[in-house]
Amino acid sequence: MDLLVGQLFTGLSTGSILLLAALGLSLTFGQMGVINMAHGEFIMAGCYTAYVVQQIAGDAGVSLLIALPLGFAVGGAMGLVLEALLIRHLYHRPLDTLLVTFGVGLILQQVARDVFGAPAVNVSVPPALRGGVDLLGVTVPKTRLFIMGLAIVAVTAVALVLRFTPAGRRIRAVVGNRDLAETAGISSRAVDAGTFFIGSGLAGVAGVALTLIGSTSPTTGQSYLVDAFLVVVAGGLGRIKGAVVAAVALGATQAVFETYSTASLAKVGVFIVIVVFLQLRPQGLFTLRTRSLA
Amino acid sequence: MLTLRNLTCGYGRTPVVHDVNLDVGTDQVVAVMGHNGAGKTTLLRAVVGLLPAMTGTIELDGRDLTRTPTHRRIAHGMAYVPQGQQCFAHLTAGENLRLVADGRKHGKTLIDEQLDRFPALRPLQNRQAGLLSGGQRQQLAIARALITEPRLLILDEPTEGIQPNVVAEIEAAIVDLARSGLSVLLVEQHLGFALQAAAQYAVLRSGRVASHGATGAGARERVREAMAI
Ligand SMILES: Nc1ncnc2c1ncn2[C@@H]1O[C@H](COP(=O)(O)OP(=O)(O)OP(=O)(O)O)[C@@H](O)[C@H]1O
Ligand SMILES: [Mg+2]
């Protein structure tokens, strides 16, 4: 029983980390179809934002509260610049986009190395989030609970914005039919920029959260990139619901594999599961249902 | 109102529509006719800016819009109902309308006016637009265009592939709009309705204006002749 609850929890926790890392990508890649290889570096920028804020503010609790919105702003601003300078000119050229953003990612890693040094840095966890709580007989670290909560809040916020706000309607309209959106009076360029801002900002938030459970180095973001892409693809492009289910499923699969083998073998196991799954269901977990293709 | 001068446009580097001159006067309905593949849709796409003009100019009320992006042309008073009952399939019918009304003064009233015009849409507000019938989607598309409060409405075969009783409704709506002072640029294959609704006509053949003029006496014969190959 304890083992089961423990694993379930580990799965949920790993899943929510994956989800945070993948949520922004589900907008930029899932909705807009942009393969942004620098997404991981936006996560990394969020990590260093948390680090810098703590150097200045001192108090771990206060700096976390500052770093979360600031991380969003930093990630979002980097995304806006990348979109305006490069990606905008490469829409419909996925291979070029992939190569260019991969290069940008490497440059950003080097910049981080120059500014913060190659060795990993640590951000201290606020006292309120230290230690654990007993849940159903299992001791659960509070940082993990916090990250789960944050993932739930972030996913809910994105879903509500997409579903119920004018900005969300415009994003869905441009994604659905760019030309038709223009004829509805919508500036598709402005929507692209806005979507990219939000998606990249979410990467920044993920980065801030990740400092609670691990140290930060220039390559921190990179390690999450593949997982994040997997979550988005497995969930079905553009489906937030799919991303949630896929992230939790991946987290659980990884947790189970890890119990019986090593972490890297677990990765291999997850990979095989996804490859098989996508063979059976290439469109992902969830797809859009419509009568016309327009 | 709308003035096209020597407009040439096409896909990639290949021109499809050549050297078109066309005027739509204030309160006027102008019908563009022509066989499948004559370039009617291509012409309209260039007018709203979804295709760049290779040469020539597009003016609306004396303002040169030749290089203006589509959404700005809409803001200047154009509205476009594309061929094929297009809608935002993944949005509900209501969202399709709200999308355009967002940020407009009296947006709710504008939507209500169109729902009064097309009462069939009222009970379908929460239905995903992609699941509506062709006729319903076309009414939705026209309603969406009208919410932008255009001065010039551009329609591409609005009754193509729609069952007869809905065709009558849509045609009545177009005639009604023209009476209320809207200028209309109408691509229409049905000679009868085109000549009845429009004051002026133009026939496209292989991307060129083969015949144009008033729709009065003798027009039917001139159009037939221009369409014959
Ligand atoms: N996206 C495109 N790329 C290349 N050529 C195109 C494209 N769309 C249309 N064409 C070509 O341009 C020509 C004119 O097409 P267009 O759609 O304007 O005709 P149309 O008069 O609207 O015909 P219909 O009555 O069938 O709607 C055709 O020869 C067509 O093959
Ligand atoms: Mg056509």
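Look a little higher up for the structure.
Residues numbered from 1 in each chain as written. Chains lettered and ligands numbered in written order. Predicted model: local features only at pLDDT ≥ 70, side-chain atom pairs only at ≥ 80, totals over all residues. Heavy atoms only, no water.

## Here we look at the interface of chain A and chain B
By a widely used convention, the size of an interface equals the accessible area lost when the partners come together.
Consideration 1: Listed per partner, the contact involves 22 residues of chain A and 26 residues of chain B.
Consideration 2: Of the roughly 2,300 Å² buried where chain A meets chain B, counting both sides, 60% is carbon and sulfur surface.
Consideration 3: Among the salt bridges present, the one from Arg163 of chain A reaches Glu95 of chain B, with a minimum N-O distance of 2.7 Å.
Consideration 4: Seen at the junction of chain A and chain B, the total is 6 residue pairs in polar contact (both at pLDDT 80 or more).
Consideration 5: Elements that contribute at least two residues to the side of chain A that touches chain B include exactly helix 6 (166-176) and helix 7 (178-183) of chain A.
Consideration 6: Per-class residue counts for the side of chain A that touches chain B are 8 nonpolar, 6 polar and 8 charged. (Contact = heavy atoms within 4.5 Å. Buried area = accessible area lost by both parts, 1.4 Å probe. Salt bridge = Lys/Arg side-chain N within 4 Å of Asp/Glu carboxyl O. Polar contact = N/O pair within 3.5 Å; in protein donor to acceptor, adjacent residues only side chain to side chain. Helix = DSSP H or I, 4+ residues; strand = E, 2+ residues; numbered from the N terminus. Nonpolar A, V, L, I, M, F, W, Y, C, P; charged D, E, K, R; others polar.)

## Focus: the side chain of Glu171 of chain B
Consideration 1: Structurally, the position occupied by Glu171 of chain B is in helix 6 (residues 164-179).
Consideration 2: Setting aside anything within four residues of it in sequence, one finds Glu171 of chain B in contact with Thr159 and Phe193 of chain B.

## Some thoughts on the sheet that holds strand 6 (residues 78-81) of chain B
Residues and elements named next belong to chain B.
Consideration 1: The strand order across the open sheet built from 6 strands is 6-7-8-3-9-10, with neighbouring strands paired in mixed fashion. In the strand order of this sheet, the two ends are held by strand 6 and strand 10 (208-214), each with one partner. Sheet twist, expressed as the mean angle between neighbouring strand axes with direction ignored, is 15 degrees.
Consideration 2: Across 6 bridges, the pairing between strand 9 (residues 200-205) and strand 10 is antiparallel. The partner of Arg205 across the bridge, within strand 10, is Arg208.
Consideration 3: Helix 1 (residues 40-48) contacts strand 3 (29-33), strand 6, strand 7 (152-156), strand 8 (183-187) and strand 9 of the sheet and is inclined by roughly 150 degrees relative to strand 7.
Consideration 4: Of the strands in this sheet, strand 6 and strand 7 are in contact with helix 5 (residues 134-147), which crosses strand 6 at around 170 degrees. (Pairing = 2+ DSSP bridges. Axes fitted to C-alpha atoms, helices over the stretch in contact; angles between N-to-C directions.)

## Examining unusual backbone geometry
Residues and elements named next belong to chain B.
Consideration 1: The phi angle at Asp19 is positive, at roughly 55 degrees, despite the residue not being glycine.
Consideration 2: When you line up the elements, Asp19 lands in strand 2 (residues 14-24).
Consideration 3: At Glu157, a residue that is not glycine, the phi angle is positive and equals roughly 45 degrees.
Consideration 4: Residue placement: Glu157 occurs in the loop between strand 7 and helix 6.

## Here we look at the coordination of the magnesium ion (ligand 2)
All names here are of chain B.
Consideration 1: In the first shell of the magnesium ion (ligand 2), the protein supplies Thr41 (OG1) and Gln83 (OE1), at 1.9 to 2.2 Å from the metal. Of this pair, Thr41 sits in helix 1 while Gln83 sits in the loop between strand 6 and helix 3 (93-101), and the two are 42 residues apart along the sequence.
Consideration 2: Judged by relative accessible area, which is 24%, Thr41 ranks as partly exposed. (Donors = N, O, S within 2.8 Å, 3.2 Å for Na, K, Ca; no water. Buried < 20%, exposed > 50% of the residue type's maximum accessible area, 1.4 Å probe, protein only.)

## Some thoughts on the environment of Phe146 of chain A
Residues and elements named next belong to chain A.
Consideration 1: As for its position among the elements, Phe146 is in helix 5 (residues 142-164).
Consideration 2: Classification of Phe146 as partly exposed rests on a relative accessible area of 25%.
Consideration 3: Aside from chain neighbours lying at most four places away, what touches Phe146 is Leu64, Leu68, Leu129 and Leu212.

## Let's talk about the side chain of Glu83 of chain A
All names here are of chain A.
Consideration 1: Assignment of secondary structure puts Glu83 in helix 3 (residues 60-85).
Consideration 2: Exposure remark for Glu83: the relative accessible area of 1% places this residue in the buried category.
Consideration 3: Ignoring anything within four residues of it in the chain, the contact list for Glu83 reads Arg88, Tyr91, Asp192, Ala193 and Phe196.

## Comments concerning the site of ligand 1
Residue and element names in this part refer to chain B.
Consideration 1: Near ligand 1 you find 13 residues, and of these Gly37, Lys40, Thr41, Thr42 and Gln83 are the closest.
Consideration 2: At 3.2 Å from an oxygen atom of ligand 1 is found a main-chain nitrogen or oxygen belonging to Ala38.
Consideration 3: Interatomic distance of 2.5 Å between a side-chain N/O atom of Thr42 and an oxygen atom of ligand 1.
Consideration 4: Relative to its free-state accessible area of 630 Å², ligand 1 is covered by the protein chains to the extent of 57%.
Consideration 5: Counting residues per element, the shell around ligand 1 draws most heavily on helix 1, which supplies 3 residues. (Near = heavy atom within 4 Å. Areas by Shrake-Rupley, 256 points an atom, 1.4 Å probe, with all protein chains shown as cover.)

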